Amino acid sequence: MANEKVMSERILKVTESILEDYKNGRDIDKMDVFSQPDSDAVTDIVKKLLNILYPGYYREKNYRSYNDNSRISILIEDVIYNLIKQTAIALRFREDYAQATEAEIKDAAEEIAIEFISRIPKIRELLDTDMEAFYQGDPAAYNKEEIVLCYPGLLASTVNRLAHELFLLKVPLIPRMMTEYAHSRTGIDIHPGATIGKYFFMDHGTGIVVGETSIIGEHVKIYQGVTIGALSTRGGQSLRGAKRHPTIEDNVTIYAGASILGGETVIGAGSVIGSNVFITSSVKPGTRMSVKTQELVIRHREEIEGPREHAEEDKGSENWY
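Procedures and definitions
- Residues numbered from 1 in each chain as written.
- Predicted model: local features only at pLDDT ≥ 70, side-chain atom pairs only at ≥ 80, totals over all residues.
- Heavy atoms only, no water.
- Helix = DSSP H or I, 4+ residues; strand = E, 2+ residues; numbered from the N terminus.
- Rg over C-alpha atoms; globule rule 2.2 N^0.38 Å.
- Contact = heavy atoms within 4.5 Å.
- Areas by Shrake-Rupley, 256 points an atom, 1.4 Å probe, with all protein chains shown as cover.
- Patch = residues over 30% accessible without salt bridge, like charges linked within 9 Å, V, L, I, M, F, W, Y side chains within 5 Å.
- Salt bridge = Lys/Arg side-chain N within 4 Å of Asp/Glu carboxyl O.
- Buried < 20%, exposed > 50% of the residue type's maximum accessible area, 1.4 Å probe, protein only.
- Phe/Tyr/Trp six-rings, centres within 6.5 Å; stacked < 30°, edge-to-face > 60°.
- Pairing = 2+ DSSP bridges.

Draft legend 1. Focus on the overall build of the chain. Secondary structure assignment for the chain yields nine helices and 14 strands. In terms of C-alpha radius of gyration, the chain reaches 26 Å, well past the compact-globule figure of 20 Å for 321 residues. The dimensions of the chain, computed from C-alpha atoms along their principal axes, are 85 × 70 × 55 Å. Excluding contacts between residues fewer than 6 apart, the proportion of contacts in the chain whose partners are at least 24 apart in sequence is 46%. For the chain, the exposed area adds up to about 19700 Å²; of that, 51% sits on carbon and sulfur atoms.

Structure representation (structure tokens):
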């Protein structure tokens, strides 16, 4: 009992010290959890939007209906309702809505939600081109069902195209929450501010990073580990709104591990950027750029150790690479 009493006192003491730490008035000490959008609610919106975008590929288990039109109608109403709620919270982070009334916030959130949903056909048109780019670009894809259900690149592209429209509508926080959900699922980090053209294809995808002010043209193919990023962020918040990330023109292929940096950097149309290339300045259209391959040296064991009389006796008994 004595030990339990001592432990209880220690727990009480350390709890009081943590609660006291919250009183310092720092950004990290914020306590109002209901003043920002709910990440779980945003993720739920994304999942329902996937059902709306790809009605024949994703299934919503919570709804039952006799026909597809009814099913999709219910999903659309659900998304609009919840998007209005989350957008109303997020709009408080905009300076022009900081002092707005609840009625003004609600009206603005409703307008944004309806405008966003009205853009779904446009988003689906872009995604159809992405599906085609994935199918034509990867011989390992046996059908488009495999692409929609299995390929992380298409999932990341889909969520980004949704988030980009909300970004254009100047909704704070929610677009980033959406793309970070995709990032956590796929390992692909695309900022919702990036502008991406038709027929966008990310092969394998893991480790791809695309910055906020990037502009990517049509029929662009990117492999895993590619960075389309800023040259320097030492200017901090003073750089906000500036063109910090590259422009990739049409029909460009960028192979694994390449880094293309800088807001003034333009990769000309039809260029091919090889693996592990580091680029900080523009290249002309039709350029083929690669790192000079180092000489590959292959030496067999006999060349190093000489003939072995009892090779068969101890075959497999050593680790020689």
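Draft legend 2. Examining a nonpolar patch on the surface more closely. A cluster of nonpolar side chains, Val14, Ile18, Leu19, Tyr22 and Met31, forms an exposed patch at the surface whose accessible area comes to about 490 Å². Tracing the backbone through its elements, the reader meets Leu19 in helix 1 (residues 2–21). Residue Leu19 is classed as partly exposed on the basis of its relative accessible area of 47%.

Draft legend 3. A look at the packing of aromatic side chains. Per the counting criterion, the structure on display carries four aromatic pairs. Relative to Tyr57, the ring of Tyr54 has its centre 6.1 Å away and its plane inclined at 90 degrees; by these criteria the two rings are edge-to-face. A centroid spacing of 4.8 Å and a plane angle of 20 degrees characterise the contact between Tyr223 and Tyr255, whose relative ring orientation is stacked. You can see Tyr223 sitting in strand 6 (residues 221–223) and its partner Tyr255 sitting in the loop between strand 9 (253–254) and strand 10 (259–261), a full 32 residues away along the chain. Tyr223 sits in the buried class, given a relative accessible area of 15%. Here a set of aromatic residues connected by ring pairs shows up, and it is made of Phe134, Tyr151 and Phe201.

Draft legend 4. Looking closely at the pattern of salt bridges. Per the stated rule, a full pass over the model turns up 13 salt bridges. Where Asp96 meets Arg94, a salt bridge forms, and the shortest distance between an N and an O atom there is 2.7 Å. Looking at Asp96, the relative accessible area reads 53%, which means it is exposed. Using a relative accessible area of 18% as the deciding quantity, one classes Arg94 as buried.

Draft legend 5. Fine view of the sheet that holds strand 11 (residues 266–267). Read across the open sheet, the four strands follow the order 2-5-8-11; overall the sheet is parallel. Both edges of this open sheet fall to strand 2 (195–196) and strand 11, since each of them pairs with a single strand only. Of the pairings in the sheet, the one linking strand 5 (residues 215–216) to strand 8 (residues 247–248) comprises two bridges and is parallel in character. When the sheet's bridge partners are listed, Ile215 is paired in strand 8 with Thr247.

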